[in-house]
Amino acid sequence: MGRIIARIADFIRETDKLMVILCVVATSYGCLAVYSATRYLDTMRPLLVQVIGLLVGIVAAIVISSVDFDKISKYWYLLVLLGVIPVILTFFIGWAPEGTDDRAWLDLGFTTFQPSELLKICFIVTFSTHLSRVKPTINKLKTLILVCLHAAFPVLLIHLQGDDGTALVFAVMVLCMMWAAGVSWKYFVLAFTSLVAASPLIYFVIMNDEQRARLINIFDIESDIMGSTYQQYRGRMALANGGFTGQGLFNGSLTQVGGVPEGQNDFIFVSIGEELGFLGCMVVLLLLVAISLRAVNIARNCNKQSGKIICIGFFGMMLAQVTINIGMCVALLPVIGVTLPFFSAGGTSLICMYLGVGLVLSVYKHRNTRTLYLRDKR
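Computed from a predicted structure; not experimentally measured.

1. Describing the overall build of the protein
Argument step 1. The helix and strand inventory of the protein stands at 14 helices and two strands.
Argument step 2. Rg of the C-alpha trace for the protein: 21 Å, near the compact-globule value of 21 Å for 378 residues, within the 12% margin.
Argument step 3. A buried classification covers 48% of the 378 residues belonging to the protein.
Argument step 4. Partitioning the contacts of the protein with sequence separation of at least 6, the portion at a separation of at least 24 is 72%.
Argument step 5. If you sum the accessible surface of the protein, you get close to 18,400 Å²; carbon and sulfur atoms cover 69% of it.
Argument step 6. When the 29 positive and 23 negative side-chain charges of the protein are each reduced to one mean point, those points stand 19 Å apart.

Here it is in structure tokens:
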């Protein structure tokens, strides 16, 4: 019992308490929003899943944070298998939620699991390990080609799976991590120029008719309100209903009847906006920005290159998901199925977010020299 108490004391003393508090507050807020957005279903299951995800996530974060991230990085090859194999299984036994054709989930019987969420966390470790090892020669063409091949693998794998939203999240993570590793700005300019030049090819050849329609229709939401823009049109109605202070918790006229598709998931921001208004949405943004900036601050104070890149990888994941999700909700971006971190319903995404938090806390705890524990002999 004494050793257990000592370990708990070590964790409380050495962890980044602000990061933990911010994440728990954000998730608790999210649980309340999910409950409100699913009351019309007359089931407590969505809330129960969120609460279980929160509890499991906190435990997982504590366990991961207790292990030096350098030791975790040594087993990068195991993380490759852990992240990639479940994604590959979706090509053969994947399950698609009702109303979609994206077979990006695995049906475990008692619940479903989205492997791409776990792959994000595994990729943060494997890619940070790769970048930190080649940092002295990172701007040599041969080194950069191998780095780009590593980066392209998860992006293409998830694209082939049919989840372009998550593939875009991976792409942003890659850019942030490569920038943190010291890749020259000239390569970023070259990449951006190439992307602009290839945009006609992407639009006319790679994108399908549905994707092109979604992209075009964001410039005129009312052009197809019974079709491709229905979700965003209803979302804008809900946000307009909320105004500055909202219609009140559990009182959203659209939220309480399921009037916005996926109002508890991809469009949870809309549900919060209708019931708690602009003020409620600003609290969401402030929490997410605070969590993201905290990760950046931990990166700045770490003297180990791999630790810096891990934190920036987590930041890139947050940046991409928050920007894309809120962009979808306010009809500035097409709907591509990206969840809002810590808020959207879904046990897989929530637990995996806490796995990422655990990595950041590990960097905070082991960022410099060896930690002296209470249980160590003086």
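2. Here's the deal with the packing of helix α12 (residues 268-300) against helix α14 (residues 347-365)
Argument step 1. Two numbers describe how α12 lies on α14: the axes approach to 9 Å, and their chain directions differ by 35 degrees. For the pair α12 and α14, the crossing hand works out as left-handed. Across the interface between the two elements, Arg294, Ala295 and Ile298 from α12 touch Val360, Val363 and Tyr364 from α14.
Argument step 2. Looking at the contact of α12 with α14 residue by residue, the classes come out as five nonpolar, no polar and one charged.

3. A short note on the environment of Gly235
Argument step 1. Within the secondary structure layout, Gly235 lies in helix α11 (residues 230-242).
Argument step 2. In this structure, the C-alpha to C-alpha distance between Gly235 and Ala104, residues 131 residues apart in sequence, is 25 Å.
Argument step 3. Gly235 has contacts with Val260 and Val270, leaving out every residue within four places of it along the chain.

4. Describing the packing of aromatic side chains
Argument step 1. The tally for this structure, following the rule as stated, stands at 10 aromatic pairs.
Argument step 2. Relative to Tyr77, the ring of Trp76 has its centre 5.8 Å away and its plane inclined at 85 degrees; by these criteria the two rings are edge-to-face.
Argument step 3. Its relative accessible area of 41% is what places Tyr77 among the partly exposed residues.
Argument step 4. Both rings, one in Tyr203 and one in Phe204, keep their centres 4.9 Å apart while their planes meet at 85 degrees; by these two values the pair is edge-to-face.
Argument step 5. For Tyr203, a relative accessible area of 21% translates into the label partly exposed.
Argument step 6. Overall, Phe204 belongs to the exposed group, its relative accessible area being 59%.
Argument step 7. For the cation-ring pair, Arg212 lies above Tyr203, with the distance from its terminal atom to the ring centre recorded as 5.9 Å.

5. Concerning the environment of Asp266
Argument step 1. One can find Asp266 in the loop between α11 and α12.
Argument step 2. The contacts of Asp266, once residues within four sequence positions are left out, are Asn325, Met328, Cys329, Gly337, Val338, Thr339 and Ser344.

6. What about the side chain of Thr348?
Argument step 1. As for its position among the elements, Thr348 is in helix α14.
Argument step 2. With residues near it in sequence (within four places) discarded, Thr348 still touches Thr112, Phe113, Gln114 and Glu117.

7. Examining the pattern of salt bridges
Argument step 1. For the coordinates displayed, the defined rule picks out four salt bridges.
Argument step 2. Here Lys304 makes a salt bridge to Asp70, at a shortest N to O gap of 3.5 Å. Residue Lys304 is located in the loop between α12 and α13 (305-329), and its partner Asp70 is located in helix α4 (residues 69-74); the two are separated by 234 residues in the primary sequence.
Argument step 3. Look at Asp70 and you get partly exposed, because its relative accessible area is 28%.

8. Things to note about the packing of helix α7 (residues 141-161) against helix α8 (residues 164-180)
Argument step 1. Contact pair α7 / α8: the axes reach a minimum separation of 7 Å and the direction vectors enclose 160 degrees. Judged by the inter-axis angle, α7 sits roughly antiparallel to α8. Of the two possible hands of crossing, α7 and α8 adopt the one that is right-handed. Along its contact with α7, which presents Leu144, Val147, Cys148, Ala151, Pro154, Val155, Ile158 and His159, the element α8 presents Asp164, Thr166, Ala167, Phe170, Ala171, Val174 and Met178.

9. Focus on the nonpolar core
Argument step 1. Counting 92 residues, the largest nonpolar core has Met19, Phe127, Ile291, Phe314, Leu340, Phe342 and Phe343 as its most contacted members.
Argument step 2. With 13 residues, the single largest contributor to this core is α13.
Argument step 3. Sequence-distant contacts of Phe343, defined by excluding residues within four places in its chain, comprise Ala26, Tyr29, Gly30, Val34, Gln50, Ile268, Ile272, Val284, Leu287 and Leu288.

10. Brief notes about unusual backbone geometry
Argument step 1. Positive phi is not limited to glycine here, since Asp42 has a value of about 60 degrees.
Argument step 2. Here Asp42 shows up in the loop between α2 (17-38) and α3 (45-65).
Argument step 3. Even without a glycine there, the phi angle at Ala331 is positive, about 65 degrees.
Argument step 4. With respect to the element layout, Ala331 can be found in the loop between α13 and α14.

11. Description of the environment of Leu175
Argument step 1. In this fold, Leu175 is placed in helix α8.
Argument step 2. On a C-alpha basis, the gap between Leu175 and Phe188 in space is 8.3 Å, while along the polypeptide they are 13 residues apart.

12. Some points on the confidence of the model for the protein
Argument step 1. For the protein, the mean per-residue pLDDT works out to 89, and 94% of the residues sit at or above 70.
Argument step 2. In this model, residues 371-378 is a region of pLDDT below 50 whose contacts with residues beyond four sequence positions or in other chains number 21 contacts.

13. So, the state of the cysteines
Argument step 1. Evaluated as defined, the whole model comprises zero disulfides.
Argument step 2. Here Cys311 stays unpaired: no disulfide links it, and the sulfur of Cys302, its closest cysteine neighbor, is 6.6 Å away.
Argument step 3. Under the relative-accessibility criterion, Cys311 is labelled buried at 0%.
Argument step 4. Residue Cys352 stays outside any disulfide, its sulfur separated by 8.2 Å from that of Cys122, the closest cysteine.
Argument step 5. Residue classification places Cys352 among the buried positions, given a relative accessible area of 5%.

Conventions adopted
- Residues numbered from 1 in each chain as written.
- Predicted model: local features only at pLDDT ≥ 70, side-chain atom pairs only at ≥ 80, totals over all residues.
- Heavy atoms only, no water.
- Helix = DSSP H or I, 4+ residues; strand = E, 2+ residues; numbered from the N terminus.
- Rg over C-alpha atoms; globule rule 2.2 N^0.38 Å.
- Buried < 20%, exposed > 50% of the residue type's maximum accessible area, 1.4 Å probe, protein only.
- Contact = heavy atoms within 4.5 Å.
- Areas by Shrake-Rupley, 256 points an atom, 1.4 Å probe, with all protein chains shown as cover.
- Lys, Arg positive; Asp, Glu negative; His and termini not counted.
- Charge placed at Lys NZ, Arg CZ, Asp CG, Glu CD.
- Axes fitted to C-alpha atoms, helices over the stretch in contact; angles between N-to-C directions.
- Left-handed = near helix turned anticlockwise from the far one by under 90°.
- Nonpolar A, V, L, I, M, F, W, Y, C, P; charged D, E, K, R; others polar.
- Phe/Tyr/Trp six-rings, centres within 6.5 Å; stacked < 30°, edge-to-face > 60°.
- Lys NZ or Arg CZ within 6 Å of the ring centre and 35° of its normal.
- Salt bridge = Lys/Arg side-chain N within 4 Å of Asp/Glu carboxyl O.
- Parallel < 35°, antiparallel > 145°, perpendicular 65-115°, else oblique.
- Core = buried A, V, L, I, M, F, W, Y, C linked by side-chain atoms within 4.5 Å.
- pLDDT = per-residue confidence, 0-100.
- Disulfide = S-S within 2.5 Å.

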